[in-house]
Amino acid sequence: MKLPSATVAASLVCLIIAPAFAAQTTPSAAPSTVPVPATKRVTCLATTQSLKGQDRRDQLQLCMAQARVDCLKQAIDQKIVAEARKDFIKTCAGSSDGTEQR
């Protein structure tokens, strides 16, 4: 009985990990500057879902700030500058004009 459940678990792990490896090993002609939209924001929302009230707001704000820092580092590594950098960070972190932290 454990063999089928282990097989299912291994299959799920492969389904989750395989696209990440494929994206990393696929060479492209042009530098990739378009990240998967809103993944960091969705991750932050999911990780703070169990919290309530001010704790949730605080943790969400910290998570999104870290996401923006990570996106800034990525933009610097890709040598994205000026207005393109600002747009890249918004897209990468998953924030839009109406949902940014104030």
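Read on for a plain summary of the structure. (Residues numbered from 1 in each chain as written. Predicted model: local features only at pLDDT ≥ 70, side-chain atom pairs only at ≥ 80, totals over all residues. Heavy atoms only, no water.)

### Notes on helix H3 (residues 53-77)
Thinking step 1. Taking 1.5 Å of rise per residue, 25 residues should cover 36 Å, and H3 covers 37 Å from first to last C-alpha, within 8% of that figure.
Thinking step 2. Turning to H3, its buried residues number three or more, namely Leu-60, Met-64, Ala-67, Cys-71 and Ala-75.
Thinking step 3. Where H3 is buried, its residues contact helix H2 (39-47) and helix H4 (82-93). (Helix = DSSP H or I, 4+ residues; strand = E, 2+ residues; numbered from the N terminus. Expected span 1.5 Å × (residues − 1). Buried < 20%, exposed > 50% of the residue type's maximum accessible area, 1.4 Å probe, protein only. Contact = heavy atoms within 4.5 Å.)

### Quick word on the nonpolar core
Side chains of nonpolar character tend, in soluble globular proteins, to be buried together.
Thinking step 1. Grouped together as the largest cluster of nonpolar side chains are 10 residues: Cys-44, Leu-60, Met-64, Cys-71, Ala-75, Ile-80, Phe-88, Ile-89, Cys-92 and Ala-93.
Thinking step 2. Those elements that place two or more of their residues in this core are H3 and H4.
Thinking step 3. Beyond its immediate stretch of four places on either side in the chain, Cys-71 contacts Lys-40, Phe-88, Ile-89, Cys-92 and Ala-93. (Core = buried A, V, L, I, M, F, W, Y, C linked by side-chain atoms within 4.5 Å.)

### Quick look at the state of the cysteines
Thinking step 1. Evaluation of the coordinates by the stated rule reveals 2 disulfides.
Thinking step 2. Across the disulfide from Cys-44 sits Cys-63; the S-S distance is 2.0 Å. Disulfide Cys-44-Cys-63: torsion about the S-S bond near -80 degrees, hence left-handed. Highlighted residues: Cys-44 in helix H2 and Cys-63 in helix H3, separated in sequence by 19 residues.
Thinking step 3. Residue Cys-44 is classed as buried on the basis of its relative accessible area of 2%.
Thinking step 4. What pairs with Cys-71 in a disulfide is Cys-92, and their sulfur atoms sit 2.1 Å apart. Judged by the sign of its S-S torsion, about -80 degrees, the bond between Cys-71 and Cys-92 is left-handed. (Disulfide = S-S within 2.5 Å.)

### Considering the environment of Leu-62
Thinking step 1. Mapped onto the fold, Leu-62 is located in helix H3.
Thinking step 2. With 18 residues separating them in the primary sequence, Leu-62 and Cys-44 have C-alpha atoms 9.0 Å apart.

### Overview of the side chain of Thr-48
Thinking step 1. Tracing the backbone shows Thr-48 in the loop between H2 and H3.
Thinking step 2. A polar side-chain atom of Thr-48 sits 3.0 Å from the main-chain carbonyl oxygen of Cys-44.
Thinking step 3. For Thr-48, the residues in contact, after removing those within four places along its chain, are Arg-56, Gln-59 and Leu-60. (Polar contact = N/O pair within 3.5 Å; in protein donor to acceptor, adjacent residues only side chain to side chain.)

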